[in-house]
Amino acid sequence: MTDNKYFNFAKHEGYGVITLRDLDYAGAKIFEESVDEISGKGEGHIIVNCESISELPKDWIRGLLRLQLNLKKETKLLKLIHVNYTLMNCLKKEGIDTSFRFGKDLQDALSELG
């Protein structure tokens, strides 16, 4: 488990959950350093809880895209949940709204991921 003021990563049976919190530049660096560790743990699919954020800075986007690529190599998926209207608009503005899979909540994400 990784827990800091920027994000929390919790392992569960067959999947992991990243809860995003304080998305500043320093946090993005820590997250990027953790991406290989998170994706290499063999935890399965990764669900990203976006409930407490309303924007995704470019440094964080880069980290999430790298995480997604790492997971794809292992035939695992990354799914964002609790994405509010403001955050979705931010993703559309960056042109990456179709790069990620989205779910309403954890239960919805788990039902699709199997």
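Here the structure is a predicted model, which is why all the values come from computation and not from measurement.

Caption draft 1: The arrangement of the pattern of salt bridges in detail. Tallied over the full model, the rule gives eight salt bridges. Among the ionic pairs, Glu32 bridges to Arg66, the shortest N-O distance being 3.9 Å. Of the two residues, Glu32 sits in helix H1 (residues 25-39) while Arg66 sits in helix H2 (residues 58-73), which places them 34 residues apart along the sequence. Between Glu94 and Lys58 there is a salt bridge; the shortest N-O distance is 3.9 Å. Here the residue Glu94 occupies a position in the loop between helix H3 (85-93) and strand S6 (101-103), and Lys58 occupies one in helix H2, the gap between them amounting to 36 residues.

Caption draft 2: Spotlight on the sheet that holds S6. Strand order in the open sheet made by the six strands is S1-S2-S3-S4-S5-S6, with mixed pairing throughout. Each edge of the sheet is formed by a strand with only one pairing partner; in this case those strands are strand S1 (2-3) and S6. In this sheet, strand S2 (residues 7-12) lies alongside S1 in antiparallel orientation, the contact comprising two bridges. The residue of S2 that forms the bridge with Thr2 is Phe9. Contacts between H2 and the sheet are confined to S2, strand S3 (15-20), strand S4 (45-49) and strand S5 (78-81), with S5 contributing the most and set at about 140° to the helix.

The rules behind these values
- Residues numbered from 1 in each chain as written.
- Predicted model: local features only at pLDDT ≥ 70, side-chain atom pairs only at ≥ 80, totals over all residues.
- Heavy atoms only, no water.
- Salt bridge = Lys/Arg side-chain N within 4 Å of Asp/Glu carboxyl O.
- Helix = DSSP H or I, 4+ residues; strand = E, 2+ residues; numbered from the N terminus.
- Pairing = 2+ DSSP bridges.
- Contact = heavy atoms within 4.5 Å.
- Axes fitted to C-alpha atoms, helices over the stretch in contact; angles between N-to-C directions.

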